[in-house]
There are 2 protein chains.
Amino acid sequence: MASLLEGQARPIRLADIARAAGVSHGTASNVFSRPEIVRAEVRERVKAVAEQMGYAGPDPKGRLLRAGKVNAIGVATTEPLSYFFDDPFARAMMGGISEACDATGAGIALVSAANQEKLAWNIQSALVDGFILFCIEGGSRLVDLTRERRLPFVALELGFQDETVSAIGVDNVAGARLAARHLAELGHRRFAVLSLAFADGRTGFATPDIVRGALYTGTRDRLAGYFEELARFGVDTTKIPVYETENEEKSTRAGLEAIFAKDEPPTAILAMSDRMALIAIDWLTARGIKVPQDVSIVGFDGVPDGALCTPGLTTIAQPITEIGRRAARMILDHDGAVRRETMGVELIVRASTGPARKG
Amino acid sequence: MASLLEGQARPIRLADIARAAGVSHGTASNVFSRPEIVRAEVRERVKAVAEQMGYAGPDPKGRLLRAGKVNAIGVATTEPLSYFFDDPFARAMMGGISEACDATGAGIALVSAANQEKLAWNIQSALVDGFILFCIEGGSRLVDLTRERRLPFVALELGFQDETVSAIGVDNVAGARLAARHLAELGHRRFAVLSLAFADGRTGFATPDIVRGALYTGTRDRLAGYFEELARFGVDTTKIPVYETENEEKSTRAGLEAIFAKDEPPTAILAMSDRMALIAIDWLTARGIKVPQDVSIVGFDGVPDGALCTPGLTTIAQPITEIGRRAARMILDHDGAVRRETMGVELIVRASTGPARKG
DNA sequence: GCAGAAATTTGAATCGATCCAACAAAAATG
DNA sequence: CATTTTTGTTGGATCGATTCAAATTTCTGC
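Caption draft 1: Region of the structure containing the pairing of strand β4 (residues 153-156) of chain B. All names here are of chain B. Of the two faces of β4, both are covered, the one formed by Phe153 and Ala155 as well as the one formed by Val154 and Leu156. Here strand β3 (residues 131-134) pairs with β4 via 4 bridges, running parallel. Bridging across to β4, phenylalanine 131 finds its partner in phenylalanine 153. Between β3 and its parallel partner β4, the chain crosses via helix α9 (residues 139-147), and the hand of that crossover is right-handed.

Caption draft 2: Layout of the interface of chain A and chain B. The interface of chain A with chain B comprises 40 residues on the first partner and 40 residues on the second. When chain A packs against chain B, close to 3300 Å² is buried across both sides, 60% of that on carbon and sulfur atoms. When residues of chain A are sorted by the area they lose upon contact with chain B, Lys61, Phe85 and Asp102 of chain A head the list and together hold 20% of the total. Taken together, the links from chain A to chain B amount to 10 residue pairs in polar contact (both at pLDDT 80 or more). Among the secondary structure elements, those contributing two or more residues to the side of chain A that touches chain B are α5 (60-67), α6 (83-86), α7 (88-104), β2 (107-111) and α8 (116-125) of chain A. Counting residues per element, the side of chain A that touches chain B draws most heavily on α7 of chain A, at 7 residues. Here the side of chain A that touches chain B is composed, by residue class, of 20 nonpolar, 12 polar and 8 charged. As judged from the 3 bridges shared by β2 of chain A and strand β2 (residues 107-111) of chain B, these two strands associate in the antiparallel manner. Looking at the pairing, leucine 110 of chain A lines up with isoleucine 108 of chain B of β2 of chain B.

Caption draft 3: Here's a closer look at the domain arrangement of chain A. Its domain assignment divides chain A into domain 1 (1-44), domain 2 (69-169) and domain 3 (172-319 + 344-348). Placing a centre on the C-alpha atoms of domain 1 of chain A and another on those of domain 2 of chain A gives a separation of 38 Å.

Caption draft 4: Representation of the packing of aromatic side chains in the model. Evaluated as defined, the whole model comprises 13 aromatic pairs over all chains. When the centroid spacing of 5.4 Å and the interplanar angle of 65 degrees are considered together, the rings of phenylalanine 32 of chain B and tyrosine 55 of chain B count as edge-to-face. Residue phenylalanine 32 of chain B is located in helix α3 (residues 25-33), and its partner tyrosine 55 of chain B is located in the loop between α4 (40-53) and α5 (60-67); the two are separated by 23 residues in the primary sequence. Looking at tyrosine 55 of chain B, the relative accessible area reads 10%, which means it is buried. Ring-pair connections join several aromatic residues into one group, and the members of that group are Tyr83, Phe84 and Phe134 of chain A. Its guanidinium or amino end placed over the ring of phenylalanine 205 of chain A, lysine 262 of chain A lies 4.5 Å from that ring's centre, counting from NZ or CZ. Above the plane of the ring of phenylalanine 300 of chain B lies arginine 222 of chain B, whose end atom (NZ or CZ) is 3.8 Å from the centre.

Caption draft 5: Seen up close, the relation of the copies chain A and chain B. Here chain A sits on chain B after a turn of 180 degrees about the axis and a move of 0.0 Å along it, with an RMSD of 0.1 Å. Taken together, the rotation and translation describe the operation of a two-fold axis. Across chain A, the smallest distance between a C-alpha and the rotation axis is recorded for alanine 109 of chain A, namely 2.2 Å. When you check the interface residues of chain A against chain B, 100% turn up at the interface there too, and the contact is symmetric in its surfaces.

Caption draft 6: Up close: the sheet that holds strand β10 (residues 296-301) of chain B. Residue and element names in this part refer to chain B. Strand order in this open sheet of 7 strands is β7-β8-β6-β9-β10-β11-β13, and the pairing throughout is mixed. This sheet does not close on itself; its edge strands, each paired only once, are β7 (204-205) and β13 (346-348). When β7 meets strand β8 (residues 242-244), the two strands line up antiparallel, connected through 2 bridges. Among the inter-strand pairings, glycine 204 is bridged to a residue of β8, identified as glutamate 244. Sheet strands in contact with helix α10 (residues 172-185) are β6 (191-195), β9 (268-271), β10, β11 (314-317) and β13, and its direction is about 165 degrees off that of β10.

Caption draft 7: Molecular detail of the protein's contact with DNA strand D. In the vicinity of DNA strand D lie 24 residues, with His25 of chain A together with Arg13, Leu14, Ser29 and Asp59 of chain B positioned nearest. Contacts to DNA strand D include threonine 27 of chain A, whose side-chain N or O atom sits 3.1 Å from a phosphate oxygen. In this structure, a base oxygen belonging to DNA strand D sits 2.8 Å away from a side-chain N or O atom of arginine 66 of chain A. At the level of secondary structure, the elements contributing two or more residues to the surface near DNA strand D comprise α3 (25-33) and α5 of chain A together with α3 and α5 of chain B. A breakdown of the residues in the surface near DNA strand D according to their chemical character gives 8 nonpolar, 9 polar and 7 charged.

Criteria and thresholds
Residues numbered from 1 in each chain as written. Chains lettered and ligands numbered in written order. Predicted model: local features only at pLDDT ≥ 70, side-chain atom pairs only at ≥ 80, totals over all residues. Heavy atoms only, no water. Buried < 20%, exposed > 50% of the residue type's maximum accessible area, 1.4 Å probe, protein only. Helix = DSSP H or I, 4+ residues; strand = E, 2+ residues; numbered from the N terminus. Pairing = 2+ DSSP bridges. Right-handed = clockwise from strand over helix to strand, strands pointing away. Contact = heavy atoms within 4.5 Å. Buried area = accessible area lost by both parts, 1.4 Å probe. Polar contact = N/O pair within 3.5 Å; in protein donor to acceptor, adjacent residues only side chain to side chain. Nonpolar A, V, L, I, M, F, W, Y, C, P; charged D, E, K, R; others polar. Domains from an automatic or database assignment. Phe/Tyr/Trp six-rings, centres within 6.5 Å; stacked < 30°, edge-to-face > 60°. Lys NZ or Arg CZ within 6 Å of the ring centre and 35° of its normal. Least-squares fit on C-alpha atoms with pLDDT ≥ 70 in both. Axes fitted to C-alpha atoms, helices over the stretch in contact; angles between N-to-C directions. Near = heavy atom within 4 Å.

Here's what the structure looks like:
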C-alpha cells in the first residue's frame, strides 16, 4: 500500500517509461528528442505507455544538466522586480531585449532582490546563459557579483570606467553638450542641474570634490559636457547649482526645493534623466511656474513618455530599444570577447524648452 | 599540451576543487552550501583553492537537478515578449506578480514565442516551478500546452469555463451591469459594444449564433451583463451592434468605422477593455466627435493609463495588482488543490461619460 | 589514558535526462 | 548464400551538484 502511494506522489521519469515499455532508456529518450530515428512501431508503443502513465515529457531539469545551455538570458538590477514594468526607461530597454529574444526563441529571466544578500544568491542561482545588467545605483556591486558567475554579461548605462567588462552606453559628453547648447542658444544664462548620483547613496548639492571623486563616470561626463558647452557661451559654471538625486520622486523634489530656494533661480534646468525632468515639470507647474515660459527643461534618455506629457519634453534621446537589442545579441552570440559600444544620441526638441525671458 | 589547453576551456567543477584541496566532494559541497558545519581550517583551505583555480561557485544547473525546485515562476502568453512591457493591463498584473515574488525571493521567467510550435517547446522547456497564464487569444491552447507539463498553473482572465484548472477572474456579469447601468442612468438609449473575441481569430459584427457558441465565456458574460441591465431600462438589445475585435488598434478602428457607418450612430459605447476604449476616444476625437458631449465611453479593466489620458476614462476596474499577487501566491504556496477565485469589480467614474444629448 | 559523546569527514547513491560507441537485425548487393 | 550497408537498439558514461548513513577524528570528563 505504502509503496503504491509513494509511486503516486513521485513524478514519473523517463526511465520508468522505458522499463514499462520494454526498451532501453536510450531509445525512450530518442522517442522524445529525435523521434525520427526510432522505428515507428516502437515509437508509438513508447508514446502510448508514456501517455497512459501520465508522463509529463522529458524534464528540462535533467536535459539542462546534460545540454549545458539554458537558452535564457538574465536581466538583473538592484531595484525591485517591479522596476522592469514601471520605469519607462527600463521598459523601453526591455522592449529591445524582448525583440532579440523573440527572434531567437530565447527566454528572459528577471533577477533582482530586496536586499544585497538575496541579490547575491539570486545572481548565483539564476538559470541563464548570461546577464544583462541594469546598472543604476549599486551598479558596481552588481557587476562584481555577476563577474563571479563567470558567465557572459554586459553592463547597460555603463557609468563606471572598467574596461574589462562588456558594456553598451551612450556618448554622455556629446549628449550633454547638445542639451546645453540648445538652451544657451535660446538665450538662457542661469542654469541648474538635476544630477544623477556621483556615488552610491549620495544626495544634495554636489561639490567639485564630489564630482572629481565620482564613482559613476557617466554622471561626471554628462556634467562635464554641460559645463564645457556652457563655458563656451560665457557662462560661469562654478555658479551653477548641481543637485544630486536618486532618480526618483522624493529626492528630485527636494532638489527642486533647494534649487528654487536660492536667490537667483534658474531659467533653465538640465536634468540628467527624463524621469527627473518629468517630475520637475510637474513640480514647477504645480507651483504656477510655467514651462517653458518661465523655466525651460531638457531631459536625458528619450523615453516614450516624454512625447506624451504636456508640455512634450525636450530631451537627449538615446537609442534605447537598439541598445536593448544589441545587449541581448551580445549575450546570445557571445564569443568570449569584451565589447564596449558607445551609441550616438540625438537632441529632440519638444515643448518644454523655449526662449529665455528677456531681462 | 593539448590536455592543458583543454583544461583551460573546460569549466572547473566542484569535484576538481575537492581533489585539489584533498577533501571529498561532500565536504567541498558543504563548504559552499553549509559552511558552518565544516571545520574552519578546512573551509579556508578549500575556499582558497577554489579562489585560486577560478571556481565560479556551485553551478545552479547541478544543484537544481538534485534540489528539484527552481524557485522561479513562469509567466506565459501567446503574445510576443514585449507584450509584458507594453500592454498596460499586463504591466499592472506583472506589478502584482513582482511584489509577491520579491517578497519570497522567487524569480520570474517570461515565456512566449513567435509561433505555436516554439511556444510549445518553450513551455515544455521552461525552468520554473509553475506557470501563470495570460489567457488572451489562444488561451485554451495555452492551457492545454501547460497542462502537459503537470506543474501547478493558474489561468488569468479566465474566459473559458474549464472547472478543472485553477483560475482567477472577475465577476464579468456584475461589472458589465455596472457599466451599462451607469450609461443608462445618464439617459443613454443608443448603444454599441466593442467586444473582445468570442472565439479565436474572429473579427466583425457578432451574431447571436456566435455569442451562443462562445469559446470565451468571459466575453459572453460581459455581453450578457450589458444586455440584462439595458433590458431593464427598456432598451431593445437586439438592435445593439456588437463588434468583435482583437484588442488592438487596427481591428478596433475597423470596428468603430463599421459602427459609425450605420444609420443611427450610438451615443454611448461599451468597450470590453480599456485598451479599446482608449483607442475609441482617440478615434472619435480625431473625427471631431466630442467625448463625452457627443459620445460617452465606458471601458473595462481599470488600467492606470485610464486615469492619465484626457478625458479620464470611466471604467470598470478590476483589482489587477491584487489578482497578480494572488496568482503568484497560488503558485508559490501550491498545495495541489484547484482554486477558482472571482474578484469583485468597481465602477470608476471619470470624464469619458456624461449625460446623453437631449433629443 | 580511556570510554563515550560530539564534531567532522567520507564516499556511494541520487536527481533526470542525453550522448555515443558498440552491437544486432534487417536490407541491399554481388 | 555470403558480404556489405543501412537502420535501429542497447547500456554505460556523463552532466554537476547534494544528501545521508557510516566511518573517522576530536573533544570531554574522570
